[in-house]
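Next come the chains, spelled out residue by residue.
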Amino acid sequence: MPTPAIVRLKPGHVQPVWMGHPWVYAQAVDRVEGGATAGDEVSVVDPRGNLLGRGLYSPGSAIPVRLLVRDDSTRLDAAFFRARVQHAVALRASLGMPSSHTTGFRLIHAEGDGLPGLVVDRYGDAIAVQFGTIGMKLREAEVLDALWEVAAPKTIIDRTSAQTAKIEKFTPGSGIVRGDAIEALQMRERDLVFQLPLEIGQKTGFYFDQRSLRARVEQLAYGRRVLDAYSFVGAFAIAAARGGAREVLAVDESALAIEVGAECARANGVGEKVKFVKQDARHALAEAHGGFDLVIADPPRLAPNRAARDQALVAYAKLAENACRATKPGGFLVFCSCSAAVDLHALTRALAQGATRANVSVTVLERWFQGADHPVPAAFGEGLYLKALIARVEAR
């Protein structure tokens, strides 16, 4: 094997990587020695030449190296990928996934499973993959072989983001890449059934990270009138309806998501209780005028990176204002962010700002994060991307 090129860090930028952070930021790099090209394996060293780890190189990226191992002997070959997939599968099994109640979940969560640049979701007998770096894409054969052997799906679907592929400068795959032809992804979540056509474009087809919060919403929904803003395929709405909500309104801009959500509601026996409407969720919240006892505001990512954070916080505060106005005094507001650049404190502050503008008082009762099938290394704060607040809204 050729000797990997060396990425040498600047003084003052070593500690996060030494403590276990899996990313090397561009501003931390002093120089690259040895002529690395896109997707190559590289060694990362401190200013004195001490090895910090080895990973895959993405030149021109804000994160030019994502580390896979910390030693100088582990080979990044087929056996390596097979072992990492085995570990990920075993972790989910220890968490009770899959089960007869839940067959849809995150199988591989990139850095959380020691495979940065790779996301894999399980949908019953099918799995969906997303390649997030050119280095992982160049090892596609080893990845797919490991998944096929260890996870034993009947179908593998590539759902790699075209935008990510463009940034990383590779051609994304699309559709079924291994196994049986299927027209839809089918799975269960807490005994709720979902059938999702392959044309659904968000993430790999579903938001598995909110599973535990959906269960909590189901508990809170009894007897209440519920608004599920940014509903996508209505997973929150369907959970609320099963929990005994008096009435549920699910709003999303996507006509396909609304159509699929209505079909899923019918399949779960709550079709008459949930009304799906194609509408901008911001407008739906602004027009609600305190008519709902429970409001879920779970927007798409508003801050895709740190540079967008300040602008996103303005949008979150406005969203919080409208969501507070939509919530009846004494009701509950579920306020979410999936932007890693917006931490829990910033989200809470945005909620407080919005409440003040809406002339209401909010009290945060609970704080929620992504589920256990989305693990986060202790040194990787950016990995805790999903935050949610459950708050009580009251008149001032």
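Here, every reference points to the structure presented above.
*Asks:* Explain the sheet that holds strand β9 (residues 126-131) to me, please; I cannot follow it from the model alone.
*Replies:* Strands belonging to one sheet form pairs held by backbone hydrogen bonds; the direction of such a pair is parallel or antiparallel. The mixed open sheet is built from 5 strands, whose spatial order is β7-β8-β9-β10-β11. At either margin of the open sheet sits one strand with a lone partner, and together these are β7 (104-109) and β11 (175-179). Taking the axes of each pair of neighbouring strands and ignoring which way they run, one obtains an average angle of 25° across the sheet. By the bridge criterion, 5 bridges tie β7 to strand β8 (residues 118-123) in an arrangement that is antiparallel.

*Asks:* Sorry, what's going on with unusual backbone geometry here?
*Replies:* The bulk of non-glycine residues show a negative phi, and the bulk of peptide bonds are trans. A cis amide bond links M97 with the next residue in sequence, P98, at an omega value of 0°. Within the secondary structure, P98 sits in the loop between α2 (78-94) and β7. Residue A152 is not a glycine yet carries a positive backbone phi of 50°. Tracing the chain through its elements places A152 in the loop between α4 (140-150) and β10 (155-158).

*Asks:* I'm lost on helix α7 (residues 235-242) in this one. Help?
*Replies:* Side chains three or four residues apart in an α-helix point the same way, a direct result of the helix having 3.6 residues per turn. Burial analysis of α7 places 7 of its 8 residues in the buried class, the great majority of the element. The complete set of buried residues in α7 reads A235, F236, A237, I238, A239, A240 and A241. G244 sits one or two residues past α7 and shows a positive phi near 100°.

*Asks:* Explain the nonpolar core here, please?
*Replies:* Across soluble globular proteins, you tend to see nonpolar side chains buried next to one another. Counting residues in each nonpolar core, the largest one holds 45 residues, and the members touching the most others are F194, F206 and L294. The biggest single contributor to this core is α7, with 7 residues. Residues within four places of L294 in sequence aside, it is in contact with V217, L220, A221, R224, R225, V226, L227, F332 and V334. Core analysis: the second largest hydrophobic core is formed by 33 residues, L285, A317, C324 and A355 among them.

*Asks:* I keep staring at the sheet that holds strand β4 (residues 41-45) and nothing clicks. Help me out?
*Replies:* On the basis of which strands lie adjacent, the open sheet formed by 6 strands has the order β2-β6-β5-β4-β1-β3 and mixed pairing. Of all strands in the sheet, those with a lone pairing partner are β2 (23-24) and β3 (29-33), marking the two edges. Sheet topology places β2 next to strand β6 (residues 65-69); 2 bridges connect them, and they run antiparallel. By the bridge assignment for β6, V24 is matched with V65.

*Asks:* Any chance you could explain the packing of aromatic side chains here in plain terms?
*Replies:* The description of an aromatic ring pair rests on the distance of the ring centres and on the angle between the ring planes. Overall, the coordinates contain 8 aromatic pairs when judged by the stated rule. Ring centres 5.9 Å apart and planes at 90° place the aromatic pair W23 and Y25 in the edge-to-face group. By the burial criterion, W23 is buried, and Y25 matches it. Ring centres of Y207 and F232 lie 5.3 Å apart, and the angle between their planes is 90°; on these two criteria the pair is classed as edge-to-face. Here Y207 is found in the loop between β13 (192-197) and α6 (211-220), whereas its partner F232 is found in the loop between β14 (225-229) and α7, with 25 residues between them in sequence.

*Asks:* How should the packing of helix α10 (residues 309-326) against helix α11 (residues 344-357) be read in this particular structure?
*Replies:* In contact at an axis separation of 7 Å, α10 and α11 are set at 50° when each is read in the N-to-C sense. Classified by the angle their axes make, α10 and α11 are oblique. The way α10 lies across α11 gives a crossing that is right-handed. From α10, R309, L313, Y316, A317, K318, A320, E321, C324 and R325 reach across to α11, where they touch A346, L347, A350, L351, Q353, G354, A355 and R357. Of the residues that constitute the contact of α10 with α11, the class distribution is 10 nonpolar, 2 polar and 5 charged.

*Asks:* Looking at this structure, how should I read the side chain of D158?
*Replies:* Position of D158 among the secondary structure elements: in strand β10. Buried D158, no salt bridge; nearest opposite-charge side chain is K137, N-O distance 4.1 Å. Not counting the four nearest positions on each side in its chain, D158 is found in contact with V129, F131, K137, E140, G173, S174, G175 and V177.

*Asks:* Is there a simple way to think about helix α9 (residues 281-288) in this case?
*Replies:* Listed as buried for α9 are A281, A284, L285 and A288. Viewed along the axis of α9, the buried residues span an arc of 95°, placing them on a single side of the element. Just downstream of α9, H289 is the residue with a positive phi angle, here 50°.

*Asks:* So what exactly am I meant to see when it comes to the pattern of salt bridges here?
*Replies:* Opposite charge on two side chains permits them to pair, given that their charged atoms come into close proximity. Taken as a whole and assessed by the stated rule, the structure comprises 28 salt bridges. R54 is paired through a salt bridge with E41; the nearest N and O atoms lie 2.8 Å apart. Here R54 is found in strand β5 (residues 51-57), whereas its partner E41 is found in strand β4, with 13 residues between them in sequence. With respect to class, R54 is no different from E41; both count as buried. In this structure, the salt-bridge partner of D121 is R106, at a minimum N-O distance of 2.3 Å. Of this pair, D121 sits in strand β8 while R106 is found in strand β7, placing the two residues 15 residues apart along the sequence. Each member of the pair, D121 as well as R106, is classed as buried. Connected via shared salt-bridge partners are R8, D30, R31 and E33.

Rules behind the numbers
Residues numbered from 1 in each chain as written. Predicted model: local features only at pLDDT ≥ 70, side-chain atom pairs only at ≥ 80, totals over all residues. Heavy atoms only, no water. Pairing = 2+ DSSP bridges. Helix = DSSP H or I, 4+ residues; strand = E, 2+ residues; numbered from the N terminus. Axes fitted to C-alpha atoms, helices over the stretch in contact; angles between N-to-C directions. Buried < 20%, exposed > 50% of the residue type's maximum accessible area, 1.4 Å probe, protein only. Core = buried A, V, L, I, M, F, W, Y, C linked by side-chain atoms within 4.5 Å. Contact = heavy atoms within 4.5 Å. Phe/Tyr/Trp six-rings, centres within 6.5 Å; stacked < 30°, edge-to-face > 60°. Parallel < 35°, antiparallel > 145°, perpendicular 65-115°, else oblique. Left-handed = near helix turned anticlockwise from the far one by under 90°. Nonpolar A, V, L, I, M, F, W, Y, C, P; charged D, E, K, R; others polar. Lys, Arg positive; Asp, Glu negative; His and termini not counted. Salt bridge = Lys/Arg side-chain N within 4 Å of Asp/Glu carboxyl O. Arc of directions from axis to C-beta.

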